[in-house]
Amino acid sequence: MEDCHGHEHPLEILDTRVQWADLQTHLQKVLMTDSKCRKTSFASKAPGSVGFLSQVVLIDLNWFPPIPKLPKRVVLKVPISKAHEGLPEDVPTPPEKMEPLLKALFEAERAFYEFYRVHEHTETSLPPIPHFYYAARFEGNHEYLVFECLQNTHSFHVWDNFNEKQIDQMLHAIAQTQAFGYLNNSSSQPGLNLRLLDVLYDECFPREMAELLRKMPAYFGQELEPLVEKALASSDDFYDLRVEERICAFLGISQSLVHGDVWSTNILWDADDHDKLRAVLDWQMTRHGCPATDLIRFLNTCMSGAHRRQNWERYLNKFHDYLRVEMRGLPLPYTEAQLVDSYKQMYAMETLLYMPPLNPIVASANLEVEPELAKKRKETVAEKVRCMLEDIIHFAPFAPRSTKNNSE
């Protein structure tokens, strides 16, 4: 058919380097169909399409011959080496450091979805994710992932605070993720045992996080400066990229499957019912780590600092109850007391790694909004940042002492 894509039409999809012909071939294989994509199929950039080192493209597919079961729209996710450009709050990363980072994140996400696909029809617990279709391997600048496009969804941002129903569902989703890993032996899956923290913060961002942190008072309020300096001073004792392994070994528990980046924009809700969880996205930082990792990032970002401080132990209790249910009567991988200990020991390091990029993230999101709205957003995030800084200092004594050697 002349009006369908084929190998004689090596057209790229927008500026992604992915060719229509390759996407069609790969979808035909996984969907087990001979139907082709008409040239009336089109691509468009998703709202907020440039995320953390990735670009998201919406693909509307016009199949011929049409078959009802074939997806009409999919999401294409492509690694890119751009983040927040042109912002004084950001810290640029040298181009030569981007390739290993892009590859590590891509391979981790691909490994997770491949693992999920193998076990999605078992009787075990499943974390809520979009349906996964295909992942091209990281080679030749043509790597990409293809997912189901979930329609009629809504997402919040870091200046939004979740209500109790939303918090409850996310605690359950994190419990499902851990149970999914434990019950299906995810530690044996190639690609899920990458030391991503080494790649993210040692090889690619050595001490650049401290520079970002020192820029935060200029944006969120100069009153934060003493807290920033005190947090950085205490980090000399606890900064250790192997801390997750060390905490689990010290507590005598197995590392759990973690998402690695559970925060507001990676969580999709139903557009008509914001209390209905639809999916957790962006598994590019998934790995095996401390059971408290996802809980710390989620609680830090999805509620006010004051609310988190008053309720974190109650939420850990609720999470552990969900984990008990999702383990289906099998022995629990750790006790609630061990979870609380892991939270206290992991809090300072996990928060130190996550918090500094909030500066360019919020600044970028506020570029095109009304000044009053931008001010309100910034004040909401500033409260969270202040509480995080204070709690880094508070929990620092609980953290394992740094080995000062992250290369072993």
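Conventions adopted
- Residues numbered from 1 in each chain as written.
- Predicted model: local features only at pLDDT ≥ 70, side-chain atom pairs only at ≥ 80, totals over all residues.
- Heavy atoms only, no water.
- Helix = DSSP H or I, 4+ residues; strand = E, 2+ residues; numbered from the N terminus.
- Buried < 20%, exposed > 50% of the residue type's maximum accessible area, 1.4 Å probe, protein only.
- Contact = heavy atoms within 4.5 Å.
- Core = buried A, V, L, I, M, F, W, Y, C linked by side-chain atoms within 4.5 Å.
- Pairing = 2+ DSSP bridges.
- Phe/Tyr/Trp six-rings, centres within 6.5 Å; stacked < 30°, edge-to-face > 60°.
- Lys NZ or Arg CZ within 6 Å of the ring centre and 35° of its normal.
- Disulfide = S-S within 2.5 Å.
- Salt bridge = Lys/Arg side-chain N within 4 Å of Asp/Glu carboxyl O.
- Axes fitted to C-alpha atoms, helices over the stretch in contact; angles between N-to-C directions.
- Expected span 1.5 Å × (residues − 1).
- Parallel < 35°, antiparallel > 145°, perpendicular 65-115°, else oblique.
- Left-handed = near helix turned anticlockwise from the far one by under 90°.
- Nonpolar A, V, L, I, M, F, W, Y, C, P; charged D, E, K, R; others polar.

Per an unreviewed UniProt entry, the protein goes by CHK kinase-like domain-containing protein and derives from Mesorhabditis spiculigera.

Q: Before we move on, could you go through the side chain of Q345 and cite the residues and values that matter?
A: For Q345, the location among the structural elements is in helix α10 (residues 336-354). Judged by relative accessible area, which is 10%, Q345 ranks as buried. Sequence-distant contacts of Q345, defined by excluding residues within four places in its chain, comprise I247, F250, L251, F398, A399 and P400.

Q: Please set out the nonpolar core residue by residue, giving values where relevant.
A: Counting 110 residues, the largest nonpolar core has M170 and F298 as the members making the most contacts within it. Leaving out residues up to four positions away in the same chain, F298 has contacts with F162, I167, M170, L171, I174, V262 and I267.

Q: Could you give me a rundown of the pairing of strand β10 (residues 267-270), with the residues and numbers involved?
A: Note that strand β8 (residues 153-154) and β10 share 2 bridges and pair antiparallel. For H154, the partnering residue across the bridge sits in β10 and is W269. As paired strands, β10 and strand β11 (residues 277-280) are joined by 3 bridges and run antiparallel to one another. Paired with W269 across the strands is L277, a residue of β11.

Q: Give a description of the packing of aromatic side chains that names residues and reports values.
A: Here the distance between the centres and the angle between the planes together describe a pair of aromatic rings. A full pass over the atoms with the stated rule returns 20 aromatic pairs. Each ring, one from F156 and one from F162, has its centre 5.6 Å from the other, and the planes form 55°; the classification is tilted. One aromatic cluster in this structure is built from F112, Y113, F115, Y116, F132, F147, F180 and W283. Just above the ring of Y219 sits the side chain of K378; from NZ or CZ to the centre is 4.5 Å.

Q: Can you lay out the state of the cysteines for me, pointing to particular residues and giving the numbers?
A: Evaluated as defined, the whole model comprises 0 disulfides. Distance from the sulfur of C248, which forms no disulfide, to the nearest cysteine sulfur (C290) is 5.2 Å.

Q: Tell me about the pattern of salt bridges, and name the residues and values.
A: Under the definition given, this model contains 22 salt bridges. E164 is paired through a salt bridge with R314; the nearest N and O atoms lie 3.6 Å apart. Here the residue E164 occupies a position in helix α3 (residues 164-183), and R314 occupies one in helix α9 (residues 305-326), the gap between them amounting to 150 residues. Judged by relative accessible area, E164 falls into the partly exposed class, the value being 36%. A salt bridge links R308 to D391; its shortest N-O distance comes to 2.9 Å. Here R308 is found in helix α9, whereas its partner D391 is found in helix α12 (residues 371-395), with 83 residues between them in sequence. The same class applies to R308 and to D391, which are both buried. The structure contains a network of salt bridges with shared partners spanning R308, R309, R386, E390 and D391.

Q: Which residues make up the environment of A279, and what values go with them?
A: Within the fold, A279 resides in strand β11. The sequence separation of A279 and H131 amounts to 148 residues, and the corresponding C-alpha distance is 9.8 Å. Once you skip the residues sitting within four places of it in the chain, A279 turns out to touch P128, I129, P130, L150, N266, I267 and L268.

Q: Pulling in residues and values, what's your account of the sheet that holds β8?
A: Across the sheet, which stays open at both edges, the 3 strands sit in the order β8-β10-β11 with antiparallel pairing between neighbours. The outermost strands of the open sheet, each flanked by one partner alone, are β8 and β11. The strands touched by α3 within the sheet are β10 and β11, with β11 carrying the most contacts at an inclination of about 45°.

Q: Could you give an account of helix α5 (residues 208-220), naming the residues involved and the relevant values?
A: Two residues of an α-helix separated by three or four positions point the same way, owing to the 3.6 residues in each turn. With 13 residues, α5 should reach 18 Å at 1.5 Å per residue; the first-to-last C-alpha distance of 19 Å fits that figure. For α5, the full list of buried residues reads E208, M209, A210, L212, L213, M216, P217, Y219 and F220. Elements that come into contact with the buried residues of α5 comprise α4 (196-203), α6 (225-238), α10, α11 (358-365) and α12. Residue G221 follows α5 closely and has a positive phi angle near 135°.

Q: Give me the lowdown on the packing of helix α7 (residues 243-251) against α10, citing residues and values where you can.
A: Contact geometry for α7 and α10: axes closest at 10 Å, N-to-C directions at 155°. With respect to α10, the axis of α7 lies roughly antiparallel. As for the relative orientation of α7 and α10, their crossing is right-handed in sense. Here V243, E244, I247, F250 and L251 of α7 come into contact with α10, specifically with Q338, D341, S342, Q345, M346 and M349. Partitioning the contact of α7 with α10 into residue classes produces 6 nonpolar, 3 polar and 2 charged.

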